[in-house]
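Here are the chains, one letter per residue:
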Amino acid sequence: MTTTPDLPSAEAAASSGPATAHASPSIIDSFVARNRAYAASYHDGGMDARPVQRVAVVTCMDARIDVHAALGLDLGDCHVIRNAGGVVTDDTIRSLTVSQRGLGTRSIALIHHTGCGLLDLTENFRNELEEEVGIRPSWALESFTDLEQDVRQSMARVRTSPFLLHHDDIRGFVFDVHTGLLREIAP
């Protein structure tokens, strides 16, 4: 069951700044309020932008995946690149290139998951968007019907990218949202 955090009181929202133009506080108003509480005890640990473990993780934006907890990582250990489906797109390659060439990562973990929303979507999604707004999206949906095959495709896209320096430690997985376990996918 998904729960929504309590929103700040009207007085708290009113004191938080630009959001006062809204009729009622939004979830983002609660983020601002909670951030102030976080910042009050925040300590800059002096971490560098370079991930301590020299690894980048590409995964889905699905809110059920807590990457750091699932992989036993701490803040500063890795780069996390998230998008719908965790698919390797041109923008993913851009981020991985910066991660490797600019910030020293060497390993890449690609993690898809069970119950992904892209499993239920088809190219018709783009057609419906075009019909609704009058413009066809310039981006590919990258939906898929076979999780394992899509992980293999993602691994192949990373392995064949000429922009990436390190191709020797690239591994793909499916995360089970019901058990929390990773299942490795052979290339």
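Note that this is a predicted model, so its numbers are computed, not measured.

**Concerning the pattern of salt bridges**
For the structure shown, the criterion picks out ten salt bridges. E148 is the partner of R152 in a salt bridge, and the nearest nitrogen-oxygen pair spans 3.5 Å. Taken together, the residues R152 and E148, both in helix α6 (residues 147–159) and four residues apart, mark about one turn of the helix. Taking the relative accessible area as the measure of exposure, E148 reaches 29% and is therefore partly exposed. One salt bridge in this structure joins E148 and R183, with 2.5 Å as the shortest N-O distance. Taken together, the residues E148 in helix α6 and R183 in strand β5 (residues 182–185) connect sequence positions 35 residues apart.

**Remarks on helix α4 (residues 90–103)**
In this model α4 runs 19 Å from its N-terminal to its C-terminal C-alpha over 14 residues, within 8% of the 20 Å that 1.5 Å per residue would give. Summarising the contacts, the buried residues of α4 are in contact with β1 (55–60), β2 (78–83), β3 (107–113) and α6. G104 sits one or two residues past α4 and shows a positive phi near 80 degrees.

**Description of unusual backbone geometry**
Glycine aside, the phi torsion of most residues is negative, and most peptide linkages are trans. The phi angle at R54 is positive, at roughly 55 degrees, despite the residue not being glycine. Positionally, R54 belongs in the loop between α2 (27–40) and β1. Exposure remark for R54: the relative accessible area of 42% places this residue in the partly exposed category. One non-glycine residue with positive phi stands out, namely E142, at about 65 degrees. Tracing the backbone shows E142 in the loop between α5 (124–133) and α6.

**Some remarks on the nonpolar core**
If you look at the biggest cluster of nonpolar residues, it comprises 33 residues, and the most contacted ones within it are L96, I108, L110 and V158. Considering each element in turn, this core owes the most residues, five residues, to β1. For L110, the residues in contact, after removing those within four places along its chain, are V58, V88, S154, M155, V158, I170, R171, G172 and F173.

Calculation rules
Residues numbered from 1 in each chain as written. Predicted model: local features only at pLDDT ≥ 70, side-chain atom pairs only at ≥ 80, totals over all residues. Heavy atoms only, no water. Salt bridge = Lys/Arg side-chain N within 4 Å of Asp/Glu carboxyl O. Helix = DSSP H or I, 4+ residues; strand = E, 2+ residues; numbered from the N terminus. Buried < 20%, exposed > 50% of the residue type's maximum accessible area, 1.4 Å probe, protein only. Expected span 1.5 Å × (residues − 1). Contact = heavy atoms within 4.5 Å. Core = buried A, V, L, I, M, F, W, Y, C linked by side-chain atoms within 4.5 Å.

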